[in-house]
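# Coordinate inspection notes
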Amino acid sequence: MNLTDRVAVITGGAGGIGSALGRRFAAEGAAAVVLADLDADAARMVAERIGPVAHGVGLDVTNATQVHALVDETERRYGRIDLFCANAGVATGGGVDAPDADWERAWQVNVLAHVHTARAALPGMLRRGQGYLLFTCSAAGVLTAVGDAPYTATKHAAVGFAEWLAITYRDQGVRVSALCPQGVDTPMLADGLAAGHLGARVIAASGAVLTPDQVADATIAGLAEERFLILPHPEVATYARRRAEDPDGWQAGLRKLVRKLRAAG
Ligand SMILES: NC(=O)c1ccc[n+]([C@@H]2O[C@H](COP(=O)([O-])OP(=O)(O)OC[C@H]3O[C@@H](n4cnc5c(N)ncnc54)[C@H](O)[C@@H]3O)[C@@H](O)[C@H]2O)c1
């Protein structure tokens, strides 16, 4: 898929990666870019900066009615959705003892929102015999996020659901990709690094911290190739291979890194 003349929706469109995707899609010649975010004002500001092709709206991705309404309104206004990017996501920074409310929010935003997206967007895509779902998951969904159990569990679920959709609908014209970056310089990681959180430090020690624009570049390349796993950090493919071939060895390596960072204080 290339973005020329495409109609794209991006949730979490006011955030670091979402707004970079919006800018890049517009630069690639998209017909329309709908930026949807819990923070409606910020989504509108991002859209204004992008230009008339972009449109900012308020959306809570955990609310199925709102997701369906967004899809209906976009299809009514532009005739179709070529690419739906379910990009909104939340980290918790908690372990097994994270409050139930944090587990629930991670489940709602990182997984169930993708189910709402699929239910809302698939009918039109299947009718037209084409469409593309891009889920922003995370390297945590193919590896692990040290220090964040709800994030790890839900991002694994998100990759699993994306894979299920890809296998089920590809032959009917609907393509699916899971975007799985490692460290990206957005508030989600920057806040953790500023607070000295171990998980954020592990991410920073495991590879380059990319800019959202670099993630957008990798996304454009991945969409062009219609690759299922889009890995802006190539080292994640190496780690994932190691994890698959030797789970115990991979875990031992990660534990060693964690011990080293803990000792460094
Ligand atoms: N930053 C990283 O290091 C990193 C790495 C891998 C994956 N990711 C993933 O990338 C995606 C984008 O994150 P980001 O780094 O740009 O973070 P960000 O915090 O800058 O952006 C997230 C956006 O999602 C929005 N959002 C949160 N809950 C929402 C809801 N219920 N409904 C609608 N919008 C909601 C927020 O308002 C925010 O604008 C997330 O899915 C995240 O898990 C981030």
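Residues numbered from 1 in each chain as written. Predicted model: local features only at pLDDT ≥ 70, side-chain atom pairs only at ≥ 80, totals over all residues. Heavy atoms only, no water.

In the annotation of an unreviewed UniProt entry, the entry for the protein reads SDR family oxidoreductase, and the organism field reads Micromonospora solifontis. According to the UniProt record, the Sequence similarities (unreviewed entry) comment for the protein reads "Belongs to the short-chain dehydrogenases/reductases (SDR) family." (UniProt positions renumbered as here; feature names shortened; annotations may be inferred.)

### Let's talk about the packing of helix 4 (residues 100-128) against helix 5 (residues 149-169)
Taken N-terminus to C-terminus, the directions of helix 4 and helix 5 make an angle of 15 degrees; their axes are 8 Å apart at the nearest point. Viewed along their axes, helix 4 and helix 5 adopt a mutual orientation that is roughly parallel. Crossing geometry of helix 4 relative to helix 5 is assigned as right-handed. Here Trp103, Ala106, Trp107, Asn110, Val111, His114, Val115, Ala118, Leu122 and Leu126 of helix 4 lie close against helix 5, whose contacting residues are Ala149, Pro150, Tyr151, Ala153, Thr154, Lys155, Ala157, Ala158, Phe161, Leu165 and Tyr169. The class makeup of the residues in the contact of helix 4 with helix 5 is 17 nonpolar, 3 polar and 1 charged. (Axes fitted to C-alpha atoms, helices over the stretch in contact; angles between N-to-C directions. Helix = DSSP H or I, 4+ residues; strand = E, 2+ residues; numbered from the N terminus. Parallel < 35°, antiparallel > 145°, perpendicular 65-115°, else oblique. Left-handed = near helix turned anticlockwise from the far one by under 90°. Contact = heavy atoms within 4.5 Å. Nonpolar A, V, L, I, M, F, W, Y, C, P; charged D, E, K, R; others polar.)

### Here we look at unusual backbone geometry
It is generally the case that most residues other than glycine have a negative phi and that most peptide bonds are trans. The phi dihedral of aspartate 5 is positive, around 65 degrees, even though this residue is not glycine. Summarising the element assignment, aspartate 5 is placed in the segment before strand 1 (7-11). A positive phi angle, close to 50 degrees, is found at glutamate 226, a residue other than glycine. Here glutamate 226 lies in the loop between helix 8 (212-225) and strand 7 (229-230). On the basis of relative accessibility, which here comes to 31%, the residue glutamate 226 falls in the partly exposed class. (Buried < 20%, exposed > 50% of the residue type's maximum accessible area, 1.4 Å probe, protein only.)

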